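# Structural description and commentary
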Amino acid sequence: MILEVENLSVNYGHVAALSGISLTVDQGEIVTLIGSNGAGKTSTLMAISGLAEKAGGTVRFKGKDITDLQPHAIARLGICHVPEGRHIFPALSVKENLIAGTVREEKISRQEIVRRMDEVFRLFPRLKERINQGGGSLSGGEQQMLAIARGMMMNPDLMMLDEPSLGLAPIIVEEIFDLILKIKKAGKTILLIEQNAAMALQVADRGYVLVNGRITQQGRGVDLLHNDEVRRAYLGE
Amino acid sequence: MDYYLSQAINGICQGSIYALMAIGYSVVVGVVGLVTFTHGEVIMLGAFASFYTFQLVGNNLIIGVIASFLASAFIGVFVFKICYERFFNAPRHISLICTIGTSMLLRNLAQIIFGPNNKPLLEVVPNRFFGQGVVGLTLVQIIVIATVISLSFLLFLFFNRTRWGIMLRAVSQDKTAAAMMGINVRLTSLLGNSIGCGLGGVAGMLLAIYYQTLVATMGGSAGMKAFSSAVLGGLTNIPSAAAGGLCLGIVENLGITISSASFRDIFAFIFLLLVLIVKPEGFAKKTGVRP
Ligand SMILES: Nc1ncnc2c1ncn2[C@@H]1O[C@H](COP(=O)(O)OP(=O)(O)O)[C@@H](O)[C@H]1O
Ligand SMILES: [Mg+2]
């Protein structure tokens, strides 16, 4: 198990956003956490990466307790968080955004950076065309790709993607999910947050359903996809 | 005509000092994400650091630059610890008010320690003049301009050609995302704040050798001028802040040509008011932002 979340709770003031959720992610898996708007998906990721204060519970990564670590220390251990809303650096060029992904490794060599960039550009040829353009000048879809590409430059052991398809045109959404599968093939472990349950469950090995800060269902992706309750709640049937 | 030309040259020279103050100011505002009111005192302390260094080791300008940079960078650490470090997640006005308080503290401490009167700083640079008639440059003007250009160039290289530079710019643009990249935001902001303050310190030294005098209360107008120039660049754009400083220097000097030297600061603040009224967001083209 690469990630173990146990009894995690998050409060915002008196509002409980997460009430004791537990989930695990195994090496090489795509695990998805689906749920409607406000269910607590983003809060889960923010708490794992140390950006939201935890009211309770523990998070273990590669066997190490990371519950109380600072966000940058958690990132340095090999967790990459591609946040909701992309959060690319608008006034850094595409290339500099990608380099920013490598700064967690202090001793990385120039050749290794170039090698990773080539790898990323194979998956995102469009970014290569825009290499010297400012990050903020890219279209929404390109920014999402840059955010994922920047995450891949971190060479993480676990990638957490927060609604990568949000606000994108259907063709681009397809492209993003293709990429997620490619990233998995490259040997990465992925925790994928989605409102787009149909898509997410199709690519995921396992899934969790989050409702009002509690996990109500869990199982294999295909099983959830055919689960009546899930179909009614998230697939509009 | 010659007179106006020579005043314009003076303006450029003084403007380059303001440019350095404004560059430092923009670096600080970028990394801490907030305007600061201690920059004037940081500049003043840089001036005093060079004053005592010159007394101690003689008039060595390189050592003066290093001493004023280091002294002000150190003050930067102090300011960061007091005003920002604990308040990253607090409402922003708390840090802001804290910088005002720290500025008062530093200014009054300086008056107690260094004395309230103007101190002369003579003959650091020999009095030489290159040019014809009234049009030309004095040696001190050449040194001032050369120092500002070399420091700006070094800063440019550091920001654009090094990984630390990328980290600093990342922290200025998005602290959450920077943390997600594994960047220690607190440490990086501390470093950036110190660099910005150090540049302010060197600007303080240049002010002192240019006017051949320094005083514990000089930070008041210096800080406001740094702010005015930086506003022109939308507070965080470094090249525009530098251009703002240059403009301010020229406006000031042409202004006193048509009136009196004691009105110097009036022109500076009319300039600030006009910028704030006409273009409060600054003149910097937001690179990389979709129109
Ligand atoms: N910074 C915040 N302050 C207060 N409440 C918040 C904050 N962020 C999220 N919430 C609340 O917590 C709940 C879960 O939010 P979130 O984790 O963003 O859900 P999701 O990502 O599933 O849409 C929501 O009710 C939301 O309103
Ligand atoms: Mg969300």
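Numbering of residues starts from 1 in every chain and runs along the sequence as written. Chains and ligands are labelled sequentially in the order written, the chains with letters from A and the ligands with numbers from 1. Residues qualify for local features only when their pLDDT is at least 70, as the model is predicted, and side-chain atom pairs are given and counted only at 80 or more; totals for whole chains, interfaces and linings, by contrast, use all residues. Hydrogen atoms and water are omitted, and side-chain values are computed over all heavy atoms in the structure.

## Remarks on the overall build of chain A
Counted only if it meets this: Helix numbering and strand numbering both begin at the N terminus, where a helix is a DSSP run of H or I of at least 4 residues and a strand a DSSP run of E of at least 2. In this treatment the radius of gyration is a C-alpha quantity, and the globule benchmark scales as 2.2 Å times the residue count to the 0.38 power. Each residue's exposure class comes from its accessible area (1.4 Å probe, protein chains only) as a fraction of the maximum for that residue type: buried when under 20%, exposed when over 50%, partly exposed otherwise.
Secondary structure summary: chain A contains 10 helices and 10 strands in total. Taking 2.2 N^0.38 as the reference for a compact globule, 237 residues should give roughly 18 Å; the C-alpha atoms of chain A span a radius of gyration of 17 Å, in line with that estimate. Overall, chain A is about 45 × 40 × 30 Å in size when its C-alpha atoms are taken along their principal axes. Across the 237 residues in chain A, those meeting the buried criterion constitute 53%.

## Things to note about the packing of aromatic side chains
Within a pair of aromatic rings, the relevant descriptors are the distance that separates the centres and the angle that separates the planes. Test applied: Here is the rule: rings of Phe, Tyr and Trp (six-membered ring for Trp) pair when centre to centre is within 6.5 Å. Planes less than 30 degrees apart are stacked, more than 60 are edge-to-face, and the remainder are tilted. Over a ring means this: the NZ of a Lys or the CZ of an Arg is within 6 Å of the ring centre and within 35 degrees of the ring normal.
This model, assessed by the stated rule, comprises 10 aromatic pairs over all chains. Ring geometry for Phe80(B) against Tyr84(B): centres 6.0 Å apart, planes inclined by 50 degrees, an arrangement best described as tilted. Here Phe80(B) and its partner Tyr84(B) are both found in helix 3 (residues 61–84), four residues apart, which amounts to about one turn of the helix. Accessibility expressed as a relative area gives 0% for Phe80(B), which makes it buried. A residue is classified by how much of its surface remains accessible, and Tyr84(B), at 3% relative accessible area, is buried. Grouped by ring-pair contacts, the aromatic residues Phe48(B), Phe51(B), Tyr52(B) and Phe114(B) constitute a single cluster. Looking at Arg150(A), its charged tip hangs above the ring of Phe89(A), at a distance of 4.9 Å from the centre.

## What to know about the interface of chain A and chain B
As a reminder, the rule being used: Residue contacts follow a heavy-atom distance rule, with two residues in contact if any of their heavy atoms lie within 4.5 Å. A simple way to read buried area is as the amount of 1.4 Å-probe accessible surface that goes missing from two parts once joined, with both sides added. Any carboxyl oxygen of Asp or Glu within 4 Å of a side-chain nitrogen of Lys or Arg constitutes a salt bridge here. The nonpolar class holds Ala, Val, Leu, Ile, Met, Phe, Trp, Tyr, Cys and Pro. Asp, Glu, Lys and Arg form the charged class, and all remaining residues, Gly among them, are polar.
Across the boundary between the two partners, chain A contributes 32 residues, which contact 21 residues of chain B. Buried surface at the junction of chain A and chain B, both sides included, amounts to about 2,200 Å², of which 63% is carbon and sulfur. When residues of chain A are sorted by the area they lose upon contact with chain B, His72(A), Phe89(A) and Val103(A) head the list and together hold 26% of the total. On the surface where chain A and chain B come into contact, there are one salt bridge. Of the charged contacts, one joins Arg169(B) and Glu96(A) as a salt bridge, the two residues approaching to 2.6 Å between their closest N and O atoms. With four residues, the top contributor of residues to the side of chain A that touches chain B is helix 2 (residues 71–76) of chain A. Tallied by class, the residues present in the side of chain A that touches chain B amount to 17 nonpolar, 10 polar and five charged.

## A few points about the sheet that holds strand 10 (residues 214–220) of chain A
Residue and element names in this part refer to chain A. Spelled out, the test is: At least two bridges found by DSSP between two strands are what make those strands a pair. Helix axes are fitted to C-alpha atoms over the stretch in contact, other axes to C-alpha atoms as well, and angles between N-to-C directions run from 0 to 180 degrees.
Read from one edge of the open sheet, six strands run 6-7-8-3-9-10, paired in mixed fashion. Every other strand in the sheet has two partners, leaving strand 6 (79–82) and strand 10 as the edge strands with one partner each. This sheet shows a mean twist of 15 degrees between the axes of neighbouring strands, independent of strand direction. Relative to strand 7 (residues 158–162), strand 6 runs parallel, the two sharing four bridges.

## What about the pattern of salt bridges?
Should the charged atoms of two oppositely charged side chains come close, the side chains can pair. All names here are of chain A. Across all of its chains, the model carries 20 salt bridges over all chains by this definition. The shortest N-O distance in the salt bridge between Arg206 and Glu29 comes to 2.7 Å. Placement of the pair is Arg206 in strand 9 (residues 206–211) and Glu29 in the loop between strand 2 (15–25) and strand 3 (30–34), with a sequence separation of 177 residues. Owing to a relative accessible area of 12%, Glu29 belongs among the buried residues under this scheme. With its nearest N and O atoms 3.7 Å apart, the salt bridge here joins Lys41 to Glu163. Taken together, the residues Lys41 in helix 1 (residues 41–48) and Glu163 in the loop between strand 7 and helix 7 (170–185) connect sequence positions 122 residues apart. There is no split in this pair, since Lys41 and Glu163 are both buried. Here the salt bridges share partners, and the residues they tie into one network are Glu105, Glu112, Arg115, Arg116 and Glu119.

## Observations regarding the sheet that holds strand 4 (residues 56–61) of chain A
Residues and elements named next belong to chain A. Ordered by their spatial adjacency, four strands build an open sheet running 2-1-4-5, and the pairing between neighbours is antiparallel. Each edge of the open sheet carries a strand with a single partner, namely strand 2 and strand 5 (64–65). Summarising the sheet, strand 1 (residues 3–12) and strand 4 pair through five bridges and their orientation is antiparallel. In the sheet register, Leu3 faces strand 4, and the bridge partner there is Phe61. Taken strand by strand, helix 1 contacts strand 1, strand 2 and strand 4, and its axis lies near 115 degrees from that of strand 1.

## Topic: the domain arrangement of chain A
Residues and elements named next belong to chain A. Keep this limit in mind: What fixes the domain bounds is an automatic or database domain assignment.
Domain boundaries in chain A define domain 1 (3–78 + 156–234) and domain 2 (88–151). Taking only C-alpha atoms, the centre of domain 1 and the centre of domain 2 are 24 Å apart. Taken together, the contact between domain 1 and domain 2 spans 16 residues of the former and 12 residues of the latter. Together, the buried faces of domain 1 and domain 2 total about 1,100 Å²; carbon and sulfur atoms form 66% of this surface. On inspection of domain 1 and its partner domain 2, the count reaches two salt bridges. Arg76 is paired through a salt bridge with Glu106; the nearest N and O atoms lie 3.0 Å apart. Elements with a minimum of two residues in the side of domain 1 that touches domain 2: helix 2, strand 7 and helix 7. For the side of domain 1 that touches domain 2, the element with the most residues is helix 7, which contributes six residues. In terms of residue class, the side of domain 1 that touches domain 2 is built from 11 nonpolar, one polar and four charged.

## Brief notes about the nonpolar core
So the rule is basically this: Working definition of a nonpolar core: buried Ala, Val, Leu, Ile, Met, Phe, Trp, Tyr and Cys residues. They are joined through side-chain atoms within 4.5 Å.
One finds Leu206(B) and Ile209(B) to be the most contacted residues of the largest nonpolar core, which totals 76 residues. Tallying contributions element by element places helix 1 (residues 2–32) of chain B first for this core, with 14 residues. Membership of the second largest hydrophobic core comes to 63 residues, among which are Cys80(A), Leu138(A), Leu161(A) and Ala177(B).

## Points about the packing of helix 1 of chain B against helix 10 (residues 238–258) of chain B
Residue and element names in this part refer to chain B. Put simply, the rule reads: It is the rotation of the near helix from the far one that decides the hand of a crossing: anticlockwise by less than a right angle makes it left-handed, clockwise makes it right-handed.
Running from N to C, helix 1 and helix 10 point in directions that differ by 145 degrees, and their axes come no closer than 6 Å. The element helix 1 and its partner helix 10 pack so that their crossing is right-handed. Counted by class, the contact of helix 1 with helix 10 contains 18 nonpolar, 11 polar and one charged residues.

## Some words on the site of ligand 1
Residue and element names in this part refer to chain A. To be explicit about the condition: Any residue with a heavy atom positioned within 4 Å of a molecule or strand is treated as near that molecule or strand. Pairs of N or O atoms are called polar contacts if they sit within 3.5 Å, as long as, within protein, a hydrogen donor faces a hydrogen acceptor (for residues adjacent in sequence, only side-chain-to-side-chain pairs). The protein chains shown are the only cover counted for residues, whose accessible areas, like all others here, come from Shrake-Rupley with a 1.4 Å probe.
Looking at ligand 1, the residues that line it are Tyr12, Ala17, Ser36, Asn37, Gly38, Ala39, Gly40, Lys41, Thr42 and Ser43. Backbone polar atom of Lys41 to an oxygen atom of ligand 1: 2.8 Å apart, as the coordinates give it. In the model, an oxygen atom of ligand 1 is placed 2.5 Å from a nitrogen or oxygen of the Ser43 side chain. In isolation ligand 1 offers 560 Å² of accessible surface; the protein chains occlude 59% of this area. Here the shell around ligand 1 gets three residues from one element, more than from any other, and that element is helix 1. Residues belonging to the shell around ligand 1 are distributed by class as follows: three nonpolar, six polar and one charged.

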